[in-house]
Structures are given as structure tokens and as C-alpha cells.
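So the chains spell out like this:
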Amino acid sequence: MKAEETYLKGVYVFSPTVFEDQRGYFYESFNTSTFKKLTGLDVNFVQDNQSKSSRGVLRGLHFQVGDYEQAKLVRVIKGKVLDVCVDLRRNSPTFKQYFSVELTEENKKQLFVPRGFAHGFLVLEDDTIFSYKCDNYYHKDSERGLIFNDPSIGINWGFPEDELIISEKDKILPTSNTFFK
């Protein structure tokens, strides 16, 4: 496995070593020891989540606050997404900057999103299965979010906005300027 840190400190893209033959393929999707060796981070994942979505579904931008902040290791099992994380660490030199990467079943890449980031993804193929590990449990009262088209962040989703499928809850999320007064 190879890990590459992005321009957002603590955000890593992982590319696995894939062994393929006439039977198919095999790769190790996660190993605590390898993760720690490649990143220097000691993360204890406690919850796995999975979703299936249609093309055009946008989920996010979500995060949790306080004692329930979460780091996530995200990947696509089937299909394709544009995965996005936004730095919400107020003292960070990259505060309110975002990173995006295409995660697909073909490239088998994974994105590590540390605590202090909002996270979201846009589904680019029907029947996409998205999976992620969290280092903290979901806590409804600690859940927050930012609107996907926040002008002060300026995420390029590369998709017609009028074709997006967004939950009612995500359509009314605040901008970062409202959240970070």
C-alpha cells in the first residue's frame, strides 16, 4: 500500500497493492500497523458504515463536533464518487480549503479524512456502494453540516447543480460564514 499526504495536513490518499490473476483480484484494504507506519497516526476505528446511491446523489457536507468528532477512512466498493473534504480547523493555514479525489471500484483508492473536517461525496455512477470507517461513534446531537455549494469554499463538483439529488436535510445546511461567525 502507498500513502500520499495531500496539501491539507493529515488528509491522505491510499493506493493499495492489488494482486490480479485469472481468478480476479485480492488486496488488503486496511491494516492498522501499515496505516500507522505510513501516516504516523494511531487511529482506532470503531464503526463501519455503507451506503448505496444513484448517480447524482450528493451526501454532505457532514461532520460531528466536540467529544464526537470523527476521522474517516472512505472508499468505493462498487461504482464511482467524487469525494470531498473541507478543512474546518480554525487555526489551520488551510482553513476552509477543500480537497477532492475520485474514488472508484477500479482505482481502489481510499481517502483518510481526519477529525476537524467536513466530508461529502457526489455519486457519479448508478448503484454505487460507498463504505467508510469512523474512529468515533455517530452522535445525533453532535452532527453538523455545511451547504454543498458554499460560495466561500467554492467546491467544483463538476456536475450540473439542477441534476443533483440532495436530501431535504442537506438542502438547508448553513454556509461556513454562518457557522463560523
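Below is a summary of the structure that appears in this document. Positions within a chain are numbered from 1, following the residues in the order the chain's sequence is written. The predicted origin of the model limits local features to residues at a pLDDT of at least 70 and limits the giving and counting of side-chain atom pairs to 80 or more, whereas totals for whole chains, interfaces and linings rest on all residues. Hydrogens and water are ignored here; the side-chain numbers use all heavy atoms of the structure.

### Brief notes about the side chain of Ser53
Here is step 1 of the chain: In this fold, Ser53 is placed in strand E5 (residues 47-53).
Here is step 2 of the chain: Look at Ser53 and you get buried, because its relative accessible area is 5%.
Here is step 3 of the chain: A distance of 3.0 Å separates the side chain of Ser53 from the side chain of Arg59, its partner in a polar contact. Put simply, DSSP H or I for four residues or longer makes a helix, DSSP E for two residues or longer makes a strand, and each gets a number counted from the N terminus. Burial status follows relative accessibility: with a 1.4 Å probe on protein chains alone, a residue under 20% of its type maximum counts as buried, one over 50% as exposed, and anything between as partly exposed. In the analysis that follows, any N or O atom pair within 3.5 Å is treated as a polar contact, provided that within protein one partner can donate a hydrogen and the other can accept it, and provided that, for residues neighboring in sequence, both atoms belong to side chains.

### Brief notes about the nonpolar core
Here is step 1 of the chain: Within the largest apolar cluster, 21 residues are counted, with the highest numbers of intra-cluster contacts made by Leu61, Val84, Val86, Ile155 and Trp157.
Here is step 2 of the chain: Broken down by secondary-structure element, the contributors of at least two residues to this core are strand E6 (58-64), strand E8 (80-87) and strand E11 (117-123).
Here is step 3 of the chain: For this analysis, residues touch if any pair of their heavy atoms sits within 4.5 Å. Those residues in contact with Ile155 that sit more than four places away from it in its chain are Leu61, Val84, Val86, Tyr98 and Phe148.
Here is step 4 of the chain: The next biggest cluster of nonpolar side chains, apart from the first, holds 17 residues, and it includes Val11, Val57, Phe99 and Phe130. Among buried residues, the Ala, Val, Leu, Ile, Met, Phe, Trp, Tyr and Cys ones that are joined through side-chain atoms within 4.5 Å form a nonpolar core.

### Considerations on the sheet that holds strand E12 (residues 128-134)
Here is step 1 of the chain: Here the rule is simple: two strands pair whenever DSSP picks up at least two bridges between them. Reading across the sheet, the 6 strands line up as E1-E2-E10-E7-E12-E5 and stay open at both edges, with antiparallel pairing between neighbours. Of all the strands in the sheet, just strand E1 (2-5) and E5 have a single pairing partner and so form its edges. Sheet twist, expressed as the average angle between the axes of neighbouring strands with direction ignored, equals 20 degrees.
Here is step 2 of the chain: Interaxial angles span 0 to 180 degrees and are taken between N-to-C directions of axes, which are lines fitted to C-alpha atoms, for helices over the stretch in contact. Strands in contact with helix H1 (residues 32-39) are E1, strand E2 (12-15) and strand E10 (110-113); relative to E2, the strand with the most contacts, it is inclined by about 130 degrees.

### Quick look at the state of the cysteines
Chemically, a disulfide is nothing more than a covalent bond linking the sulfur atoms of two cysteines.
Here is step 1 of the chain: To count as a disulfide, a pair of cysteine sulfur atoms needs to be within 2.5 Å. In the structure shown here, the tally under the stated rule is 0 disulfides.
Here is step 2 of the chain: For the unlinked cysteine Cys85, the closest cysteine sulfur is that of Cys134, found at 14 Å.
Here is step 3 of the chain: Judged by its relative accessible area of 0%, Cys85 is buried.

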